[in-house]
Amino acid sequence: DDACGTALAGALKANRTLTHLGLGSNKLGVEGGTALAGALATSTSLTSLDLASNELAGDQEETSYVKASEVSGASKAVGAKVTYEGRAMVVTQVHSDGKHIRMRPVADPSGVQALATALGANASLLRLVLSGNGLDDACGTALAGALKANRTLTYMDSSSNSIGHEGMRAIGTSLLGSTASKL
């Protein structure tokens, strides 16, 4: 959870010999990712970091079908941003009856933005795994800036996320225009 991320960050800041850290599927969350970012920015020994399936963009679990009439928003079409029970959501599916929809929470990019800032400053990381974290275009755009600045990263896995055309275009453009990136 988030508290574990904070504790791990403290340990990582103190450790100067660890080269590989696998934290996949631990539900670190947005706050845990933000905490780890502070440690990543100053790490001089870490070369491989696996943060797969950690809900770094928040809980992205899809709801079961709910009545569309219980949801606020101008549109209930797939991809529309709506509000349900006080939470910002994105419509993922409309039932064939047109009266029920499924949704997932809108991604919170703040943890990934903090990681991206740290990645831009880090001078030791070679491998980063961010798969399955619910990353969206805003997260992809944040990572793009880091990839342009980072001089050591040679492998990044961002598979099984929701980064769309905008985020992927930003990543591609930053890699093509970067003289620093080794990706």
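See the structure shown above.
Below: a short report on this structure. Here the residue index of a chain counts from 1 through its sequence in written order. Only residues with pLDDT of at least 70 get local features here, since the model is predicted, and only at 80 or more are side-chain atom pairs given and counted; chain-wide, interface and lining totals rely on the full set of residues. To get the side-chain values, take all heavy atoms of the structure and skip hydrogens and water.

## Considering the packing of helix H2 (residues 29–42) against helix H3 (residues 110–121)
Orientation is described by axes fitted as lines to C-alpha atoms, over the contacting stretch for helices, and by angles from 0 to 180 degrees between their N-to-C directions. The helix count covers DSSP runs of H or I at least four residues long, the strand count covers runs of E at least two residues long, and both are numbered beginning at the N terminus. Relative to each other, H2 and H3 sit at 10°, their axes nearing to 8 Å. Relative to H3, H2 is oriented roughly parallel. Counted together, Val30, Gly33, Thr34, Leu36, Ala37, Leu40 and Ala41 of H2 and Ser110, Gly111, Ala114, Leu115, Ala118, Leu119 and Ala121 of H3 form the full contact between these two elements. Should an angle fall under 35 degrees it is taken as roughly parallel, and over 145 as roughly antiparallel, whereas 65 to 115 is taken as roughly perpendicular and any remaining angle as oblique. In what follows, a contact means two residues having at least one pair of non-hydrogen atoms within 4.5 Å.

## Focus on unusual backbone geometry
Phi at lysine 27 is positive, roughly 50°, even though this residue is not glycine. Looking at where lysine 27 falls in the secondary structure, it is placed in the loop between strand E1 (20–22) and H2. Relative accessibility under 20% of the residue-type maximum defines a buried residue, over 50% an exposed one, and the middle range a partly exposed one, all with a 1.4 Å probe and only protein chains included. You can call lysine 27 exposed: its relative accessible area is 55%. Although it is not a glycine, glutamate 55 adopts a positive phi angle of roughly 55°. Residue placement: glutamate 55 occurs in the loop between strand E2 (48–50) and strand E3 (66–67). Glutamate 55 gets classed as partly exposed once you look at its relative accessible area, which sits at 26%.

## Observations regarding the sheet that holds E1
A pair of strands is treated as paired once DSSP finds two or more bridges between them. Here 4 strands make up an open sheet; going across it, the order is E1-E2-E7-E8 and the pairing parallel. A strand with exactly one partner marks an edge of an open sheet, and here the two such strands are E1 and strand E8 (155–157). Strand-to-strand twist across the sheet, computed as the mean angle between neighbouring axes with direction ignored, equals 0°. Note that strand E7 (residues 127–129) and E8 share 3 bridges and pair parallel. Pairing of leucine 128 across the sheet is with methionine 156, part of E8.

## A closer look at the nonpolar core
In terms of nonpolar packing, the biggest core is built from 34 residues, with Leu49, Leu51, Leu125, Leu128, Leu130 and Leu135 touching the most fellow members. In terms of residue count, helix H4 (residues 137–149) provides more of this core than any other element does, 6 residues in total. Residues within four places of leucine 130 in sequence aside, it is in contact with Leu51, Leu56, Leu135, Leu143, Met156, Asp157, Ser158 and Asn161. In this structure, Ala80, Met89, Ile101 and Met103 belong to the second largest nonpolar core, which totals 10 residues. Put simply, a nonpolar core is a bunch of buried Ala, Val, Leu, Ile, Met, Phe, Trp, Tyr and Cys residues held in one set by side-chain atoms that sit within 4.5 Å of each other.

Limitation: the analysis is restricted to geometry and does not speak to function.
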